[in-house]
Amino acid sequence: MAKIELDVTINDEKFHRDAIDEDLKLVDFLRDEVGLTGTKFCCGIAVCRVCTVAIRRVPGGHEEAIRSCTTPLSDVNGKIVTTVEGLDKDGELHPLQKSFLENFAFQCGYSAPGFLMASYCLLDRLRRSPVPKADVDDAIQDAVGQHVCRCTGYVRYHRAIRQVILATPGLTV
Ligand code: FES
Ligand code: FES
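Cut-offs and rules
- Residues numbered from 1 in each chain as written.
- Chains lettered and ligands numbered in written order.
- Predicted model: local features only at pLDDT ≥ 70, side-chain atom pairs only at ≥ 80, totals over all residues.
- Domains from an automatic or database assignment.
- Helix = DSSP H or I, 4+ residues; strand = E, 2+ residues; numbered from the N terminus.
- Nonpolar A, V, L, I, M, F, W, Y, C, P; charged D, E, K, R; others polar.
- Pairing = 2+ DSSP bridges.
- Axes fitted to C-alpha atoms, helices over the stretch in contact; angles between N-to-C directions.
- Contact = placed C-beta atoms within 7 Å.

Caption draft 1: Layout of the domain arrangement of the chain. Along its sequence, the chain is carved into domain 1 (3-84) and domain 2 (95-167). The straight-line distance from the C-alpha centre of domain 1 to that of domain 2 is 21 Å. When residues of the side of domain 1 that touches domain 2 are traced back to their parent elements, those giving at least two are strand S3 (52-56) and strand S4 (64-67). Per element, the largest residue contribution to the side of domain 1 that touches domain 2 is three residues, and it comes from S3. Across the side of domain 1 that touches domain 2, the residue classes tally to seven nonpolar, four polar and four charged.

And the structure:
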């Protein structure tokens, strides 16, 4: 297997490996190499989206939701990754995390990190390109409509994300 020299920023921390398998999947690097087990693994074939994390391809670029179970390390070399562990700031939960709690959005919680990271990317998109209030439900559906929650918390997830979008200035017009 081909090895690469890896430099990647994860949750504001820089990680370097002199030689690592370029095909190693990001989810395995996060969980097994770095110890960030908040990112979950389920189908492994890019369907359920529980493994979703955010990536910026350039500093200041937009946050893109990617499925870490099928993303090889070679794709994230030099990039900036945010996982669910990177959402809180100074001990304060992210508004999405608070809203998920307030709305009892999850049950077992297995799908929650994926929903959080996809909706985190949605907030970034809306900040750059706000939508009319009437289009918020469609935007949420676009962002998380393909995420699988085996506890079927879809309505509550949707409600929690909606609450944050409508309460955050600048995301809607
Ligand atoms: S584990 Fe199911 S999409 Fe990645
Ligand atoms: S909360 Fe259990 S899978 Fe979604």
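Caption draft 2: Expanded view of the sheet that holds strand S5 (residues 80-82). Overall, mixed pairing links the five strands, which are arranged S2-S1-S5-S3-S4 in an open sheet. Of all strands in the sheet, those with a lone pairing partner are strand S2 (13-21) and S4, marking the two edges. Taking the axes of each pair of neighbouring strands and ignoring which way they run, one obtains an average angle of 40° across the sheet. In terms of strand pairing, S3 meets S5 through three bridges, oriented antiparallel. Pairing of Ala-54 across the sheet is with Thr-82, part of S5. Most of the contacts of helix H4 (residues 112-128) go to S3, to which it runs at about 30°, and overall it touches S3 and S4.

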